[in-house]
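For reference, the chains in residue letters:
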2 protein chains.
Amino acid sequence: MARKPKETPLVEVFAQNVRRLRMERGLSQEALAELAGVHRTYIGMLERCEKNVTIYNIERLAAALGVAPPVLLTSR
Amino acid sequence: MARKPKETPLVEVFAQNVRRLRMERGLSQEALAELAGVHRTYIGMLERCEKNVTIYNIERLAAALGVAPPVLLTSR
DNA sequence: GTGTGACTAATAGTCCGTC
DNA sequence: AGACGGACTATTAGTCACA
């Protein structure tokens, strides 16, 4: 049968995707921050779900990670 | 050949999707606002790209419209 | 290289209206 | 039904020093 939806909050899905994609590319939080044009500690805050990121920063992070924005909101 | 990327800003893609999906469902801005638990005037602001929506509200809007969140960030 | 608390500036989001 | 404005509060954006 179909599997249980599981319902992870979207901020967590986002956080996990950012961390996973960053790791896959061998980037540090600092390196990604520079690519995305945001501050070093801000990446960490997002990965820990401490900020409720806006669509504008979702777009910038997606570009820095080289993926389409919807990818960051997609559970895997 | 592959088509031109076109690069519509993500906030505009989001705005267009919200408006289109809302219309398809025959909902007024007020009705959608109530379903999503946000304020009446806020839906209008989003559709006019006047606000930089947060991921939390993307999630709520997606739920209210009955679509997966990534759908709202996808160009069509 | 990352987590965390503290902090200011900016803006997300609400609520009251009018057109 | 929806655009738009002003005033307001809550929260995010973004930075820093330090663990």
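Notes on the structure follow. Quantities reported herein were computed from a predicted structural model and do not represent experimental measurements.

### Description of the nonpolar core
Part 1: Counting 43 residues, the largest nonpolar core has Phe14, Ile58 and Leu72 of chain A together with Phe14, Ile58 and Leu72 of chain B as the members making the most contacts within it.
Part 2: Counting residues per element, the ones that place at least two in this core are α1 (10–24), α2 (29–36), α3 (40–47) and α4 (55–65) of chain A together with α1 (10–24), α2 (29–36), α3 (40–47) and α4 (55–65) of chain B.
Part 3: The residues contacting Leu72 of chain B, other than those within four sequence positions of it, are Val13, Phe14, Asn17, Val18, Leu21, Ile58, Leu61, Ala62, Leu65 and Val67 of chain B.

### So, the protein's contact with DNA strand D
Part 1: The immediate surroundings of DNA strand D are formed by 19 residues, with Tyr42 and Asn52 of chain A together with Arg19, Arg22 and Gln29 of chain B found nearest.
Part 2: Counting only the atoms of DNA strand D within 4 Å of the protein, the fraction contributed by sugar and phosphate is 70%.
Part 3: One of the side-chain N or O atoms of Asn52 of chain A is found 3.3 Å from a phosphate oxygen in DNA strand D.
Part 4: At the level of elements, α3 and α4 of chain A together with α1, α2 and α3 of chain B are the ones that each hand at least two residues to the surface near DNA strand D.
Part 5: For the surface near DNA strand D, the element with the most residues is α3 of chain A, which contributes four residues.
Part 6: A breakdown of the residues in the surface near DNA strand D according to their chemical character gives three nonpolar, nine polar and seven charged.

### A closer look at the interface of chain A and chain B
Part 1: Contact residues are listed per partner, giving 16 residues for chain A and 16 residues for chain B.
Part 2: Along the contact surface separating chain A from chain B lie eight residue pairs in polar contact (both at pLDDT 80 or more).
Part 3: Of all the secondary structure elements, the ones that give two or more residues to the side of chain A that touches chain B are α1 and α4 of chain A.
Part 4: With four residues, α4 of chain A is the largest single contributor of residues to the side of chain A that touches chain B.
Part 5: Residue composition of the side of chain A that touches chain B, by class: 11 nonpolar, four polar and one charged.

### Remarks on α4 of chain A
Part 1: Buried within α4 of chain A are the following residues: Ile55, Asn57, Ile58, Leu61, Ala62, Ala64 and Leu65 of chain A.
Part 2: Residues of α4 of chain A that are buried sit in contact with α1, α2 and α3 of chain A together with α1 and α4 of chain B.
Part 3: Looking one or two residues past α4 of chain A, Gly66 of chain A carries a phi angle of roughly 70 degrees, positive in sign.

### Concerning the relation of the copies chain A and chain B
Part 1: Mapping chain A onto chain B is achieved by rotating through 180 degrees and translating by 0.1 Å along the same axis, at an RMSD of 0.2 Å. Here the symmetry operator amounts to a two-fold rotation axis. When C-alpha distances to the rotation axis are compared across chain A, the minimum falls at Thr54 of chain A, with a value of 1.8 Å.
Part 2: Comparing interface residues between copies, 100% of those in chain A also sit at the interface in chain B, which points to an isologous, same-surface contact.

### Focus: the side chain of Arg22 of chain B
Residues and elements named next belong to chain B.
Part 1: Following the sequence through the fold, Arg22 ends up in helix α1.
Part 2: Among the residues examined, Arg22 registers a relative accessible area of 6% and is labelled buried.
Part 3: When near neighbours in sequence (up to four residues on either side) are disregarded, Arg22 contacts Leu27, Ser28, Gln29, Leu32, Glu47 and Leu65.

### Here we look at the protein's contact with DNA strand C
Part 1: Neighbouring DNA strand C are 22 residues, the closest being Gln29, Glu30 and Arg40 of chain A together with Tyr42 and Thr54 of chain B.
Part 2: Of what DNA strand C places within 4 Å of the protein, 62% of the atoms are sugar or phosphate.
Part 3: Taking Gln29 of chain A, its main chain carries an N or O atom lying 2.5 Å from a phosphate oxygen of DNA strand C.
Part 4: With respect to DNA strand C, the side chain of Glu30 of chain A contributes an N or O atom lying 2.7 Å from a phosphate oxygen.
Part 5: For the surface near DNA strand C, the secondary-structure elements that each account for two or more residues are α1, α2 and α3 of chain A together with α3 of chain B.

Thresholds, definitions, all that
- Throughout this document, residue positions are counted from 1 along each chain, in the order its sequence is written.
- Think of it this way: whatever chain is written first is A, whatever ligand is written first is 1, and the rest follow in order.
- At least 70 in pLDDT is required for a residue's local features to be given in this predicted model, at least 80 for side-chain atom pairs to be given and counted, and no such filter applies to totals for whole chains, interfaces and linings, which use all residues.
- Side-chain descriptors were evaluated using all non-hydrogen atoms of the structure, hydrogens and water having been removed beforehand.
- Residue types Ala, Val, Leu, Ile, Met, Phe, Trp, Tyr and Cys, when buried and joined through side-chain atoms within 4.5 Å, form a set referred to as a nonpolar core.
- Burial classification: accessible surface area is computed with a 1.4 Å probe over protein chains only, and a residue below 20% of its type maximum counts as buried, one above 50% as exposed, and the rest as partly exposed.
- Think of it this way: any DSSP run of H or I at least four residues long counts as a helix, any run of E at least two long counts as a strand, and we number them from the N terminus.
- Residue contacts follow a heavy-atom distance rule, with two residues in contact if any of their heavy atoms lie within 4.5 Å.
- One heavy atom within 4 Å of a molecule or strand makes the whole residue count as near it.
- Polar contact is the term for a pair of N or O atoms within 3.5 Å; when the atoms are in protein, one must be able to donate a hydrogen and the other to accept it, and sequence-neighboring residues count only if both atoms are side-chain atoms.
- Note that Gly is not counted as nonpolar here; it falls among the polar residues with everything else outside the nonpolar set of Ala, Val, Leu, Ile, Met, Phe, Trp, Tyr, Cys and Pro and the charged set of Asp, Glu, Lys and Arg.
- Only residues with pLDDT of at least 70 in both copies contribute their C-alpha atoms to the least-squares superposition of the copies.

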